[in-house]
Amino acid sequence: MKAIVQDTYGSSDVLHLRDIDKPVVGEGQVLLRVHATSLHMGDWHLMTGMPYLLRLGFGLRGPKTSVRGMDVAGRVEAVGKGVTRFQPGDEVFGTCDGALAEYACAREDRLLHKPSNLTFEQASAVPTSAATALQALRDQGQVRPGQKVLIIGAAGGVGLFAVQLAKAFGAHVTGVCSTTKVELVRSIGADDVIDYTRQDFVELEQRYDLILDTAGNREVSRLRRVLTPKGTLVIVGGEGGGRWFGGIDRQLRAAMLSPFVSHRLRMFAAVTRKEDLEVLKELIEAGKVMPVIDRTFPLSDGRGAMRYLEEGRARGKIVVTSAAA
Ligand SMILES: NC(=O)c1ccc[n+]([C@@H]2O[C@H](COP(=O)([O-])OP(=O)(O)OC[C@H]3O[C@@H](n4cnc5c(N)ncnc54)[C@H](OP(=O)(O)O)[C@@H]3O)[C@@H](O)[C@H]2O)c1
């Protein structure tokens, strides 16, 4: 089968389209004929091996798994021993390793039947970004109706879901993004949008009960200035920082400060669970949340898709469709 493979860490230039063996389905696993894969910053981190800290877990000299891609939608080709929820032919979405390929194996508990109102391309755009936004708002942020919520990086993969989810939870939502994305963020339901290239929200009057920070590398002390006295800051991510720790040191500093201040300062690592996909599927089928896709690339141009992600200009999710689909 065809797959996008890398042998070493580096820019998108390390990615190559190659013929490799089709994966063999194991116990508790499902073999998928991949229809679509969406990319996110996690794929970029694994491709580049940056920050260096992550190489401790994913391979010192090169990635332990050579095929990139995690978020997937496709049709079940075969099921392994012990799999009870799926059968060949089912249309599913979820997460796995090696999704930038014609076939991939996923754990049964990382998949769900595809929402009825989404295409494979749209469904592949949901898992990691939407589950991260859900966990950030609901679990870490404990968002409540009527609260004022600020989403920094509102036009990004996580941010576009966060805006819609915060609205679905009944919050008043302000999105922060750059000029060309203001209309997009407004169109998905943000009550207010701040163009950070023209206005610094820290200098404005407004205070927020909950801030989700998905972008930039703003000092925590500055973000705390726009929180209400008992407000919560959830640092989802943000690029920048050093080559060794990336944005992680800012997150750790915030978490360590939290017990000593009135604000709740949270960091977390999202895990895409079946239970969360169920919540998201319900919201999607109710029309309250929809993925936004910027561009679709064929698998043969997986490198081009990753390059587009690297450029950081996307207005929504980047999707790669498999030749086998
Ligand atoms: N904690 C976790 O488990 C977890 C899970 C998923 C992702 N993450 C992390 O979360 C971050 C966001 O991921 P993503 O997939 O949403 O990335 P993304 O799609 O690249 O989105 C980032 C967005 O931030 C905007 N941005 C850039 N600089 C900004 C600034 N200074 N102020 C405000 N917005 C700015 C970008 O567009 P514009 O500048 O044009 O507006 C872009 O839309 C990444 O660092 C990722 O690694 C963490």
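Residues numbered from 1 in each chain as written. Predicted model: local features only at pLDDT ≥ 70, side-chain atom pairs only at ≥ 80, totals over all residues. Heavy atoms only, no water.

### Points about helix α1 (residues 41-48)
So, step 1. For α1, the buried fraction is high: six of the eight residues fall into the buried class.
So, step 2. All of the buried residues along α1 are D43, W44, H45, L46, M47 and T48.
So, step 3. For α1, the secondary structure elements touched by its buried residues are β3 (29-39), α2 (55-58) and α10 (302-311). (Buried < 20%, exposed > 50% of the residue type's maximum accessible area, 1.4 Å probe, protein only. Helix = DSSP H or I, 4+ residues; strand = E, 2+ residues; numbered from the N terminus. Contact = heavy atoms within 4.5 Å.)

### So, the side chain of T132
So, step 1. Structurally, T132 is set in helix α4 (residues 127-140).
So, step 2. A distance of 2.6 Å separates a polar atom in the side chain of T132 from the backbone oxygen of T128.
So, step 3. Setting aside residues up to four positions removed in sequence, T132 forms contacts with V158, V236, F268 and A270. (Polar contact = N/O pair within 3.5 Å; in protein donor to acceptor, adjacent residues only side chain to side chain.)

### Things to note about the UniProt feature "domain: Enoyl reductase (ER)" (unreviewed entry) in the protein
So, step 1. Residues given the UniProt feature "domain: Enoyl reductase (ER)" (unreviewed entry) here are residues 10-320.
So, step 2. Within residues 10-320, the helical portion is 28% and the strand portion 26%, while the C-alpha atoms at the span's ends are 20 Å from each other. (UniProt positions renumbered as here; feature names shortened; annotations may be inferred.)

### Here's the deal with the packing of α4 against helix α5 (residues 157-168)
So, step 1. Running from amino to carboxyl end, α4 crosses α5 at an angle of 50 degrees, the nearest separation of the two axes being 8 Å. Between α4 and α5, the angle is such that the two are oblique. The interaxial crossing formed by α4 with α5 has right-handed handedness. Contacts between α4 and α5 involve S129, A130, T132, A133, L134 and L137 from the former and G157, V158, F161, A162, L165 and A166 from the latter.
So, step 2. Here the residues of the contact of α4 with α5 sort into nine nonpolar, three polar and no charged. (Axes fitted to C-alpha atoms, helices over the stretch in contact; angles between N-to-C directions. Parallel < 35°, antiparallel > 145°, perpendicular 65-115°, else oblique. Left-handed = near helix turned anticlockwise from the far one by under 90°. Nonpolar A, V, L, I, M, F, W, Y, C, P; charged D, E, K, R; others polar.)

### Quick word on the packing of aromatic side chains
Any two aromatic rings considered together are summarised by their centre-to-centre distance and by the angle between their planes.
So, step 1. If you walk through the whole model with that rule in mind, you get two aromatic pairs.
So, step 2. Ring centres of Y52 and W244 lie 4.9 Å apart, and the angle between their planes is 70 degrees; on these two criteria the pair is classed as edge-to-face. A residue pair is termed long-range when its members are at least 10 positions apart, and Y52 in the loop between α1 and α2 and W244 in the loop between β12 (227-235) and α8 (248-257) qualify at 192 residues.
So, step 3. For Y52, a relative accessible area of 22% puts it in the partly exposed group.
So, step 4. Assessed through its relative accessible area of 57%, W244 is described here as exposed.
So, step 5. Judged by centre distance (6.1 Å) and plane angle (50 degrees), the ring pair of F297 and Y308 falls under tilted. (Phe/Tyr/Trp six-rings, centres within 6.5 Å; stacked < 30°, edge-to-face > 60°.)

### So, the site of the ligand
So, step 1. S178, K181, Y196, E239 and A270 are the nearest of the 24 residues found near the ligand.
So, step 2. A distance of 2.9 Å separates a nitrogen atom of the ligand from a polar atom in the backbone of V236.
So, step 3. Protein contact buries 79% of the 910 Å² of open area that the ligand shows by itself.
So, step 4. The set of elements that each furnish at least two residues to the shell around the ligand consists of α1 and α5.
So, step 5. Classifying every residue of the shell around the ligand by side-chain character gives 11 nonpolar, 10 polar and three charged. (Near = heavy atom within 4 Å. Areas by Shrake-Rupley, 256 points an atom, 1.4 Å probe, with all protein chains shown as cover.)

### Looking at α4
So, step 1. Its 14 residues give α4 an end-to-end C-alpha distance of 18 Å, which sits within 8% of 20 Å, the value for a rise of 1.5 Å per residue.
So, step 2. Most of α4 sits out of view: 12 of its 14 residues are buried.
So, step 3. Of the positions making up α4, those classed as buried are P127, T128, S129, A130, A131, T132, A133, L134, Q135, A136, L137 and Q140.
So, step 4. A positive phi of about 45 degrees marks Q142, the residue just after α4. (Expected span 1.5 Å × (residues − 1).)

### Topic: the environment of D276
So, step 1. Considering the arrangement of structural elements, one finds D276 in helix α9 (residues 274-285).
So, step 2. Excluding residues within four positions of it along the chain, D276 makes contact with L134, Q135, R138 and V271.

### Quick look at the domain arrangement of the protein
So, step 1. In terms of domain boundaries, the protein breaks down into domain 1 (2-126 + 291-321) and domain 2 (129-267).
So, step 2. Here the C-alpha centroids of domain 1 and domain 2 sit 27 Å apart.
So, step 3. Of the residues lining the interface, 19 residues belong to domain 1; the matching set on domain 2 comes to 18 residues.
So, step 4. For the pairing of domain 1 and domain 2, the buried interface totals around 1400 Å² over both sides, and the portion due to carbon and sulfur atoms is 60%. (Domains from an automatic or database assignment. Buried area = accessible area lost by both parts, 1.4 Å probe.)

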